[in-house]
Amino acid sequence: MQAISVQQPWAFAIARGGKTVSNQEMPTAYRGPLLVHASMRVDLGACDSPLIQAAGWNPRDPLATLGAVIAVARLDDVCSAAVNGDPCDCGPWADPSSHHWRLADIRALPRPIVALGRPGLWQPQPTLIADVELMTASSSTHRPS
Ligand SMILES: [Zn+2]
């Protein structure tokens, strides 16, 4: 299990808005489960962007918080076509000057879990992983089968 810190409102767009590409400066060889952490910094200019508005950005949503894990996902692939000047099929969220970390199985947490993040990919504390697993396990029991 690894984690990645993402600025709001982009983190919200991943958790709630169907954003399946995270634009990163660096590629990674890691594949597997990933915690999506909303960092303490906000990309203020992005909050009014059409993409973010279309993703249902709502500053009053609990998952619009800062400094907390808000979703779990799986890192399936990293697309570096754009940084090499090649086209790709990563969709409207993909930035032309970034590596595209492609996420699958994104599940928003029922409520945020406060945690310190750091830039790039980081290793979550075992207690944080346990909190997330407890919350995702209990929320799935309430889901209608
Ligand atoms: Zn791509």
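Below is a short write-up of the structure. (Residues numbered from 1 in each chain as written. Predicted model: local features only at pLDDT ≥ 70, side-chain atom pairs only at ≥ 80, totals over all residues.)

Notes on the environment of I106
Examined against the element boundaries, I106 turns out to sit in strand β5 (residues 99-114). Overall, I106 belongs to the partly exposed group, with 18 C-beta atoms counted inside 10 Å. Beyond its immediate chain neighbours, meaning those up to four positions away, I106 contacts I14, T20, A71 and A73. (Helix = DSSP H or I, 4+ residues; strand = E, 2+ residues; numbered from the N terminus. Buried ≥ 20, exposed ≤ 12 C-beta atoms within 10 Å, placed from the backbone. Contact = placed C-beta atoms within 7 Å.)

Regarding the nonpolar core
Judged by nonpolar contacts, the single largest core of 30 residues is most densely connected at A11, I14, A15, V36, V69, I70 and A71. Contributions of two or more residues to this core are made by β1 (2-8), α1 (10-16), β3 (32-42), β4 (68-79) and β5. Every residue in contact with A11, bar those within four places of it in the chain, is listed here: V6, V36, A38 and I70. (Core = buried A, V, L, I, M, F, W, Y, C linked by C-beta atoms within 7 Å.)

Brief notes about the pairing of β3
Where β1 and β3 come together, 6 bridges link them in parallel fashion. Counted as the bridge partner of S5 is H37 from β3. In the sheet, β3 pairs with β4 via 7 bridges, with the strands oriented antiparallel. Each bridged residue has a counterpart across the sheet, and for P33 the counterpart in β4 is R74. (Pairing = 2+ DSSP bridges.)

Some words on the pairing of β1
Most of β1 is tucked away: 5 of the 7 residues are buried. The pairing of β1 with strand β6 (residues 121-122) spans 2 bridges and is classified as antiparallel. What sits directly across from I4, in β6, is L121.

Quick notes on unusual backbone geometry
Outside of glycine, negative phi angles account for most residues, and trans bonds account for most peptide bonds. Residues Q8 and P9 are joined by a peptide bond in cis, for which omega reads 5°. With respect to the helices and strands, P9 occurs in the loop between β1 and α1. Although it is not a glycine, D105 adopts a positive phi angle of roughly 50°. Accessibility expressed as a C-beta count within 10 Å gives 11 for D105, which makes it exposed.

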